[in-house]
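Summary of structural features
Here is what each chain is made of, one letter per residue.
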Amino acid sequence: MKGYRAHLYVLCALAAAMLSGADSLLFHALTDARFAWFPRAATGNVVLVAVDPRSIKDVGVWPWPRTLHADLIRKLGEAGASEIVFDIDFSSRATATSDAAFLSALKAAGGSVILPSFVQNVSNERGQTSVQVTNPPPEFRASSWPATANYVIESDGLARRYSHGAEIEGSFVPSIGALLAGAYDTRANDFIIDYSIRTETLPVLSFADVLARAVRPEQLAGKKIIVGATAVELGDRITVPNGHVIPGPMLQALATESLLQKRALQRTGTLLDAAGLVGLALLVMALWRRLSNVRLGVVLVGTAIVIELLATALQVKAAILLDTSLWHLAIMAYLAATFVAEIDIRGLMAHIAENRFRRIAMSLGDGLVCTDFEGRITFWNPGATQIFGFGRGDMIGKPLQTLIILDDRPSEPHQTALFSESATDVASFIVECTGKRKSGESFALEMCVSRWRSTDHFDYGFVLRDISARKREEERIRFLAGHDVLTGLANRTKLIDELQRILLTARPNEEEVAVLLLGLDRFKDLNDTLGQDRGDAIIRAVAQRLEQRVFGIGEVARTSGDEFAIVLPSSRTAASAAAIVATIADELKEFSIELDDRTINVAVSLGSAVFPEDGETAGDLMANATLALQDAKLHHRGGHVAYLAKIRTKIEDQRRLEKELHRAFAEREFELHYQPQVTLHDHKVVGAEALIRWRHPVRGLVSPGQFLAVLNTMPLSEDVGRWVIETAFRQARDWRDAGQGIRIGANLSPSQLTSPELPGIVAAALAANDLEASLVELEVTENILLDDGDMAAGILRSIRETGVEIAFDDFGTGYASLTHLKRMPLDRLKIDQTFVRNFGADPDDRAIVSAIVGLGRLLDMHVIAEGIEDLATADALAQMGCEEAQGYYFGRPANASEFFEKYLKNDAARFIKTNAEQARLIA
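Described in the following lines is the structure provided in the data block. (Residues numbered from 1 in each chain as written. Predicted model: local features only at pLDDT ≥ 70, side-chain atom pairs only at ≥ 80, totals over all residues. Heavy atoms only, no water.)

1. Details of helix H22 (residues 618-635)
To be explicit about the condition: Numbering of helices and strands runs from the N terminus; a helix is a DSSP stretch of H or I covering at least four residues, while a strand is a stretch of E covering at least two. Multiplying 1.5 Å by the helix residue count minus one yields the expected span of that helix. Partly exposed describes any residue whose relative accessible area lies between the buried limit of under 20% and the exposed limit of over 50%, with all areas from a 1.4 Å probe on protein chains only and scaled to the type maximum.
Compared with the 26 Å implied by 1.5 Å per residue over 18 residues, the 26 Å span of H22 between its first and last C-alpha is a close match. Along H22, the positions that sit buried rather than exposed are Ala618, Leu621, Met622, Asn624, Ala625, Leu627, Ala628, Leu629, Asp631 and Ala632.

2. Side note on the sheet that holds strand S17 (residues 367-371)
Heads up, the rule is: If DSSP finds at least two bridges between two strands, the strands pair.
The strand order across the open sheet formed by six strands is S18-S17-S22-S21-S20-S19, and the pairing between neighbours is antiparallel. The open sheet has two free edges, formed respectively by strand S18 (377-380) and strand S19 (404-405), since each of these has just one partner strand. Pairing analysis gives five bridges linking S17 to strand S22 (residues 458-466), with the strands arranged antiparallel. Directly across from Leu368, in S22, lies its bridge partner Val463.

3. As for the pairing of strand S8 (residues 165-168)
Relative to strand S9 (residues 171-174), S8 runs antiparallel, the two being bridged by four bridges. The residue of S9 that forms the bridge with Ala166 is Val173. Connecting S8 to the next strand, S9, in antiparallel fashion are two residues, including Glu169 with a positive phi near 55°.

4. Describing the nonpolar core
To keep things clear, this is the line we draw: The term nonpolar core refers to a set of buried residues drawn from Ala, Val, Leu, Ile, Met, Phe, Trp, Tyr and Cys, joined through side-chain atoms within 4.5 Å. The contact criterion used is simple: two residues touch if any of their non-hydrogen atoms lie within 4.5 Å.
Residues Leu661, Phe729 and Leu778 are the most contacted members of the largest nonpolar core, which totals 80 residues. The leading source of residues in this core is helix H25 (residues 716-737), at eight residues. Contacts of Leu661, omitting those with residues within four sequence positions, involve Phe670, Trp694, Phe707, Val710, Leu711, Met714 and Leu716. Counting 37 residues, the second-largest nonpolar core is a separate cluster that includes Ala178, Ile226, Ala319 and Leu321.

5. Comments concerning the sheet that holds strand S7 (residues 159-162)
Inclusion rule: Between the N-to-C directions of two axes lies an angle of 0 to 180 degrees, each axis being a line fitted to C-alpha atoms and, for a helix, fitted only over the stretch in contact.
Pairing is antiparallel in the open sheet, where three strands are placed in the order S6-S7-S10. Only two strands of the sheet have a single neighbouring strand rather than two, namely strand S6 (152-153) and strand S10 (191-192). Pairing geometry for S6 and S7, over two bridges, is antiparallel. Each bridged residue has a counterpart across the sheet, and for Ile153 the counterpart in S7 is Ala159. Packed on one face of the sheet, helix H9 (residues 248-260) meets S7 and S10 and runs near 50° to S7.

6. Side note on the packing of helix H31 (residues 843-858) against helix H32 (residues 871-880)
Just so we agree on the cut-off: Roughly parallel means an angle under 35 degrees; roughly antiparallel, over 145; roughly perpendicular, 65 to 115; everything else is oblique. Whether a crossing is left-handed or right-handed is set by the direction in which the near helix is turned from the far one by less than a right angle, anticlockwise for left-handed and clockwise for right-handed. Under the convention adopted here, Pro, Cys and the residues Ala, Val, Leu, Ile, Met, Phe, Trp and Tyr are nonpolar, Asp, Glu, Lys and Arg are charged, and Gly plus all remaining residues are polar.
Their axes nearest at 10 Å, the elements H31 and H32 cross at an angle of 40°. Between H31 and H32, the interaxial angle falls into the category oblique. The hand of the H31/H32 crossing is right-handed. Contacts from Arg846, Val849, Ser850, Val853 and Arg857 of H31 reach H32 at Ala876, Leu877 and Met880. Among the residues forming the contact of H31 with H32, the class breakdown is five nonpolar, one polar and two charged.

7. Structural notes on the environment of Leu72
Relative to the elements of secondary structure, Leu72 occurs in helix H4 (residues 66-79). Along the backbone, Leu72 and Ala212 are 140 residues apart, and their C-alpha atoms lie at a distance of 9.5 Å. Sequence-distant contacts of Leu72, that is, excluding residues within four places in its chain, are made with Val49, Phe86, Phe207, Val210, Leu211 and Val227.

8. Notes on the pattern of salt bridges
Counted only if it meets this: For this analysis, a salt bridge means a side-chain nitrogen from Lys or Arg found within 4 Å of a carboxyl oxygen belonging to Asp or Glu.
Applying the stated criterion across every chain, the model contains 42 salt bridges. Arg470 serves as the salt-bridge partner of Glu446, at 3.5 Å between the closest nitrogen and oxygen. Taken together, the residues Glu446 in strand S21 (residues 442-453) and Arg470 in helix H17 (residues 468-482) connect sequence positions 24 residues apart. Exposure remark for Glu446: the relative accessible area of 17% places this residue in the buried category. Residue Glu777 pairs with Arg743 through a salt bridge whose shortest N-O separation is 3.8 Å. Within this pair, whereas Glu777 is found in strand S33 (residues 776-781), its partner Arg743 is found in strand S32 (residues 743-747), the two being separated by 34 residues in sequence. For Arg743, a relative accessible area of 11% translates into the label buried. Each of the salt bridges in this network shares a partner with another, and the network as a whole consists of Arg743, Glu777, Glu805, Arg828 and Glu884.

9. As for helix H10 (residues 270-287)
Going by this rule: For this quantity, the arc is that covered by the directions from the helix axis to the C-beta atoms.
Helix length check: H10, at 18 residues, gives a terminal C-alpha distance of 26 Å against a target of 26 Å (1.5 Å per residue), a fit within 8%. Turning to H10, its buried residues number three or more, namely Asp273, Leu280, Ala281, Val284 and Leu287. Angular distribution of buried residues about the axis of H10 spans 135°; they occupy a single face of the element. Exposed positions of H10 whose direction lies more than 90 degrees from the buried face are Leu271 and Leu282. On the buried face of H10, the contacting elements are helix H1 (5-20), helix H11 (293-318) and helix H12 (325-338). A positive phi of about 70° marks Arg289, the residue just after H10.

10. A short note on the environment of Thr802
Put simply, the rule reads: In protein, a polar contact requires one atom able to donate a hydrogen and another able to accept it; more generally it is a pair of N or O atoms within 3.5 Å, and residues adjacent in sequence count only if both atoms are side-chain atoms.
Along the chain, the position of Thr802 falls in the loop between helix H28 (789-800) and strand S34 (805-811). Other than its neighbours up to four places away in sequence, Thr802 contacts Val762, Ala763, Leu766 and Ala773. Within the structure, Thr802 has its side chain in polar contact with the backbone oxygen of Ile799 (distance 2.5 Å).

Here you go:
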């Protein structure tokens, strides 16, 4: 039995090592060392598109709208990327618009996009564990490849093992790395990632650069793309061997590279481990007592070296991990047994433990400091030097209190027990405090404190971390949550919080509080004309102007793109809130801004609501002020509208009417009526103006005056305008085919003159009806041309190229008619009926009509008068030289069939003659 004592000792040592996990630690340490000794480069076929700090700075606070991810897919597809993986959780839904954009991009990618599923073990209240799978929405999954994003964390907290996939809902789903490498096997075991592949050799591109096309095409063409977060503030960090911390997407890239390079490391089995131990035991038995202890030790050390060289060669060349941990432990145990009489085992174990502690402590990125019971430093690692700037020699024996400032917080009594013998139990806690660097700078410090009892006193360990960057980022996030990035003003959320706070004070004190909303008029035109950078400069200048104006008396916020809000408590001044609002609104209706050596005039529409008359809550005040601003923009542009209850009623009525108009268009309740246009010298019908009517199922025929103003503010107006053109052109064709070809004039809506598609619609309608352009005419009013004259002029010129003429309706009622006569491609002037109705009684109206007729003759334009209601007016206009006319005297608007029967059925009907005219002709 005595002869086998060494072997029994080895067996006990191995059993203890296996129970304690020392063999696994040694195996990992050896494997990791080999990774460090023999580095290798990545293939370059796997590219990481990183959500890095610069991308977050350029794009905005995470999470981003999915429209950005959709844009990235398109850009990568255009660059020729072979496969795209998102290491991002898409399980929750975003807005309908962004989800639709992302789904469209997935479909367009044609199955080259991989979306991850996340498998998690979830414990319930009873301690039972179940598997929970987080998948993308079904429509996303239908247009992409599924893959698992999970990896295995070892007991030491490091990620080493990686799976080929997982069973999800009865089907095998490959992992991201296996799917990218095309090497997954449903029956394969997990493999160990080859960390000898250096992360710095992985191609990494910034998300922002890819979006901006700031990368070379060859950097993406044919590559396998992994998209994921690398920014520290997003928190996706994984600890891997050799003290490295990498982002999750980089781990996925390393796993993919391991498979691509056929470096999916597999560990040898227990059978080989046992065979090696048996062989080692047989070797020791053969040499035991035949060699001296020193020579036996040399043989054992030599055997360990040979074993390690073999294991290293297998790992480096064949991607096989030969587990030599038990063999090395057995050799060490045999060495210990051989020299047990000559070695202080207790001292050796203490030395090993201390060396192990020092090795771990020295490799930590955080600061690690140990002190005695008096707080004097006994251990100081390089991480602490990096944080504080003091070297180890500067601090050993010095009090730790010289480096940190602990706040006095009675709510945390364990802090008061620091360096105190009053505590009886082991203590461990985390605290944030203030640290002091060698330079004298103070900074935010996180300190994890551990305390344990030594022989006579407590000893202390401190893990220290500089959290000043994290604190700054938290402060920045808090600021951005309540402020507008462009102007620095409060945003809508913060404004409402502030308004609620003000109302809490105002309500018991019976004080007034006003909310004033300001919207910049035609800001989109300024932005489009000057460019977005100058548009942003205008927004900042407006914000500065508002802050200066209400400084000390109110709060300013930017609530949306070109809208601002001011909250004005009346308690800060002697005047009422309404009076303050009126004064400020009068000052801010229009002002100028100096920008790039030019003066920009900014017009503002304003709406206001006052507490408590116009609302009791912050939400009510904001809603009612918004209604007032909407009313100002619609009916009092450039003015101030104070909220009244009738505004809400008017807007609600308008919304009901808008809803009815949508239904009316869908149900084809609109129809065209036609009013005859005649030549004044013989009263022959030569044209007709197409006028829209609404045949309501309950109210009957509705005139345009009751709905046209609202319709022209709706996007629907463009569809209705197209229907008017197509219907009028079709009617002109039908009358031409019946042998009664007359000119039909159709009115254009405001939205049509901002649509570049209008000339194409007109040309298509002519072609569809095989219609001569001389049989149709399009009418525009000056209020339409005032909105965007340059764009309207270009569109009208394109229409003129089709041969269709343009009539200027309601001429003389606008503000710049003569200017438009010069700039616009016009063929006919229509004298507004407001001048014609009082033609006989008002000499001023008569003079205006005469001037318009003369102007039309000089400009070679035809002139037609509207609103003729008697023969005397018709004769007088004819004597002045007016060519054509329309009005109730010649005929009221009628539907197409009635118009044809009355005016076009035969040639005689086209001459309109009353009894009085017939008598005059006989005389």
